[in-house]
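Given next are the chains, with one letter for each unit.
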Amino acid sequence: MRKRVFSGIQPTGTLHVGNYFGAVRNWAAMQDEYDCVIGIVDYHAITIDIDPDELRSASIAMALDLMACGIDPERTILIVQSDVPTHTELSWILSSVTSYGDLTRMTQFKDKSAKQEFVSAGLFTYPVLQAADILLYRAHGVPIGEDQVQHLELSRRIARRFNSRFGEYFPEPEPVVGKGARIMSLADPSIKMSKSAGEQHYVGVMEDEASIRKKIRSAVTDTGLEAGAEMSPGVENLFEILELSAEMLGDTSVATELRSEHEQGSLMYSALKDAVFERLMEILRPIQKRRAELEAAGNVVEILRDGARRAQAIADETIADVRARVGLGTG
Ligand code: TRP
């Protein structure tokens, strides 16, 4: 039997290059080897303030973006999380085998809550829902980036505690570490590329060429041109994007050439930026074209409903087992 993996992404409205190289590209590559379930996690998104109309359209836009990037809804079960409401039932049950102390140690909660005027209980129990996402499908693996390692470790602890209290049931989900790519903001390479930091801090996968060119051209570098000098974070980041793109395109010669120029202290950053732009657009252009076709086809909601139906079938089995083990309901 093939192993199952689950991963989730927040419906942020638009996918950026950091999401693409850090996660989505790996999910697409895993589809042949694993039974994949990908959730667009709208229940998670409501833990902070978000406009209801925006949320729904962002979920649908994210589905189109993911499919355009190669997530194939025939092979992968692609869902909007709340279309399978069993996620929340399991989350409640799991909250009873989650240590309060563990939750207080989650660094993402500390970071996020510091930015909120109103800190919801949902933001605090967010990692329990994340554990439910994974365990509902009895997933063996979870492809995640570095920033989710702590949450996954908690999911494993939750699984262990459930198993020891109610009998061995959930597999302990393992991290599936893809080609770890942590793309930084072009405007401030000390922070991760993200949409929440503001327009200049991300490059959208669906963004138009002129705007992408502008962002790459104004990427922060350094004063440069010193043989053997250490690479500054901004230049490192540009090389990272260049190399990831070049690798996917199957020709890394330009990247190698530019790297040796950097070592010799003769690299013009404008040449590096042009190369990044060109290679990146070679990756993004077909994705953007595919996105337009998928949107024109007009059946994304149908596709998501089909995903939800397939996911619900698995979820129903799990929750029936869990209810029985825990002794919930009248049976
Ligand atoms: N918290 C994850 C993030 O912000 C998204 C997520 C929700 C997730 N549920 C998940 C990731 C389950 C992996 C598995 O990126």
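About the cut-offs
Residues numbered from 1 in each chain as written. Predicted model: local features only at pLDDT ≥ 70, side-chain atom pairs only at ≥ 80, totals over all residues. Heavy atoms only, no water. Helix = DSSP H or I, 4+ residues; strand = E, 2+ residues; numbered from the N terminus. Rg over C-alpha atoms; globule rule 2.2 N^0.38 Å. Contact = heavy atoms within 4.5 Å. Areas by Shrake-Rupley, 256 points an atom, 1.4 Å probe, with all protein chains shown as cover. Buried < 20%, exposed > 50% of the residue type's maximum accessible area, 1.4 Å probe, protein only. Salt bridge = Lys/Arg side-chain N within 4 Å of Asp/Glu carboxyl O. Near = heavy atom within 4 Å. Polar contact = N/O pair within 3.5 Å; in protein donor to acceptor, adjacent residues only side chain to side chain. Nonpolar A, V, L, I, M, F, W, Y, C, P; charged D, E, K, R; others polar. Core = buried A, V, L, I, M, F, W, Y, C linked by side-chain atoms within 4.5 Å. Domains from an automatic or database assignment. Patch = residues over 30% accessible without salt bridge, like charges linked within 9 Å, V, L, I, M, F, W, Y side chains within 5 Å. Lys, Arg positive; Asp, Glu negative; His and termini not counted. Charge placed at Lys NZ, Arg CZ, Asp CG, Glu CD. Pairing = 2+ DSSP bridges.

A. Representation of the overall build of the protein chain. When you go through the protein chain residue by residue, the secondary structure sums to 13 helices and five strands. Taken over the C-alpha trace, the protein chain has a radius of gyration of 21 Å; the compact-globule value for 331 residues is 20 Å, and the two agree within 12%. Long-range pairs, those at least 24 residues apart, make up 77% of the contacts in the protein chain with a sequence separation of at least 6. Accessible area for the protein chain stands at about 15900 Å²; split by element, carbon and sulfur atoms hold 51% of it.

B. Here's a closer look at the environment of valine 17. Within the secondary structure, valine 17 sits in helix H1 (residues 17-30). Taking the relative accessible area as the measure of exposure, valine 17 reaches 1% and is therefore buried.

C. The arrangement of the pattern of salt bridges in detail. A full pass over the atoms with the stated rule returns 26 salt bridges. The salt bridge partner of aspartate 32 is arginine 75, with a shortest N-O separation of 2.6 Å. With aspartate 32 in the loop between H1 and strand E2 (35-40) and arginine 75 in the loop between helix H3 (52-68) and strand E3 (77-80), this pair connects stretches of sequence that are 43 residues apart. The exposure class of aspartate 32 is exposed, given its relative accessible area of 57%. Residue arginine 75 is classed as partly exposed on the basis of its relative accessible area, which comes to 37%. In this structure, the salt-bridge partner of arginine 259 is glutamate 243, at a minimum N-O distance of 2.6 Å. Of this pair, arginine 259 sits in helix H11 (residues 253-264) while glutamate 243 sits in helix H10 (residues 233-249), placing them 16 residues apart in sequence. Exposure remark for arginine 259: the relative accessible area of 26% places this residue in the partly exposed category. Here glutamate 243 falls in the partly exposed class, since its relative accessible area comes to 21%.

D. Main features of unusual backbone geometry. Even without being glycine, arginine 138 reaches a positive phi, approximately 45°. Locating arginine 138 in the fold gives a position in the loop between helix H7 (121-136) and strand E4 (141-143).

E. Geometry of the site of the ligand. Surrounding the ligand, one finds Phe6, Ser7, Gly8, Val41, His44, Tyr126, Gln130, Asp133, Ile134, Val142, Ile144 and Gln148. Between the ligand and the protein, one listed contact pairs a nitrogen atom with a side-chain N or O atom of glutamine 130 at 2.9 Å. Within the complex, 88% of the 360 Å² of free accessible area of the ligand lies under protein. For the shell around the ligand, the secondary structure elements donating two or more residues are strand E1 (4-9) and H7. Ranked by residue count, the leading element in the shell around the ligand is H7, at four residues. A per-class count over the shell around the ligand returns six nonpolar, five polar and one charged.

F. Representation of the nonpolar core in the model. One finds Phe21, Leu66, Leu272, Leu280 and Leu284 to be the most contacted residues of the largest nonpolar core, which totals 54 residues. Ranked by residues supplied to this core, first place goes to helix H12 (residues 269-297) with 11 residues. When residues of this core are assigned to domains, at least three map to each of domain 1 (4-182 + 298-326) and domain 2 (199-292). Residue contacts for phenylalanine 21: discarding those within four places in its chain leaves Asn26, Lys179, Ala181, Ile183, Ile241, Leu244, Ser245, Met248 and Leu280. Phe6, Leu123, Ile134 and Ile319 belong to the second-largest nonpolar core, a separate cluster that totals 38 residues.

G. Broad picture of a negative patch on the surface. A cluster of acidic residues, Asp49, Asp51, Asp53 and Glu54, forms a negative patch at the surface. Its location among the elements puts aspartate 53 in helix H3.

H. The pairing of E2, seen in detail. A large share of E2 lies buried, amounting to five of its six residues. Pairing of E1 with E2 involves six bridges; the strand directions are parallel. The residue bridging valine 5 from the neighbouring strand is cysteine 36, located in E2. Relative to E3, E2 runs parallel, the two being bridged by four bridges. Each residue of the ladder has a partner; that of valine 37, found in E3, is isoleucine 77.

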